[in-house]
Amino acid sequence: MKFTTLLCCAVLIAFGLGACIYALTGFDLLAAVTFGNAYAYRALLSLTGVAALWLVFWLIAFRPTRQLR
C-alpha cells in the first residue's frame with residue numbers, strides 16, 4: 001500500500017515536471033517519450049488519471065493529515 005502510494009506520487013510529480021517543461025519551453029516531453037504515438041500518449045495520460053484517483057482514495061480512506069489538527 002505504501003509502495004503504491006509512493007509510486008503514484010512519483011508518477012504525478014514526473015508528469016507535473018513534464019507539464020512545467022512544456023509550459024516554459026513549448027517542448028512536449030510526453031510526446032517525445034512516446035515518439036508521437038497517440039495510443040501510447042493516451043495510455044500514459046490515463047496512467048496519470050489512475051494515479052490521481054488512487055491518491056484521492058488514499059487521502060479519504062487513511063486521512064494522513066488527521067494528526068495535524
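Structure's up top.
Here the structure is a predicted model, which means the values were calculated and not measured. (Residues numbered from 1 in each chain as written. Predicted model: local features only at pLDDT ≥ 70, side-chain atom pairs only at ≥ 80, totals over all residues. Heavy atoms only, no water.)

## Focus on the packing of aromatic side chains
Thought 1: Per the counting criterion, the structure on display carries two aromatic pairs.
Thought 2: Ring plane angle 50° and centroid distance 5.4 Å describe the contact between Trp 54 and Phe 57, whose orientation is recorded as tilted. On the criterion of helical spacing, the pair formed by Trp 54 and Phe 57 is a turn pair, its members being three residues apart in helix α3 (residues 38-62).
Thought 3: The exposure class of Trp 54 is partly exposed, given its relative accessible area of 22%.
Thought 4: Of the residues examined, Phe 57 reaches a relative accessible area of 42% and is grouped as partly exposed.
Thought 5: Here Phe 57 and Phe 62 contribute two aromatic rings whose centre-to-centre distance is 6.5 Å and whose plane-to-plane angle is 80°, an arrangement assigned as edge-to-face.
Thought 6: Within the aromatic cluster, the residues linked to one another by ring pairs are Trp 54, Phe 57 and Phe 62. (Phe/Tyr/Trp six-rings, centres within 6.5 Å; stacked < 30°, edge-to-face > 60°. Helix = DSSP H or I, 4+ residues; strand = E, 2+ residues; numbered from the N terminus. Buried < 20%, exposed > 50% of the residue type's maximum accessible area, 1.4 Å probe, protein only.)

## With respect to the side chain of Thr 34
Thought 1: Note on placement: Thr 34 falls in the loop between α2 (29-33) and α3.
Thought 2: A polar contact is formed between the side chain of Thr 34 and the backbone oxygen of Leu 30, at a distance of 3.0 Å.
Thought 3: Ignoring anything within four residues of it in the chain, the contact list for Thr 34 reads Ala 40, Tyr 41 and Leu 44. (Polar contact = N/O pair within 3.5 Å; in protein donor to acceptor, adjacent residues only side chain to side chain. Contact = heavy atoms within 4.5 Å.)

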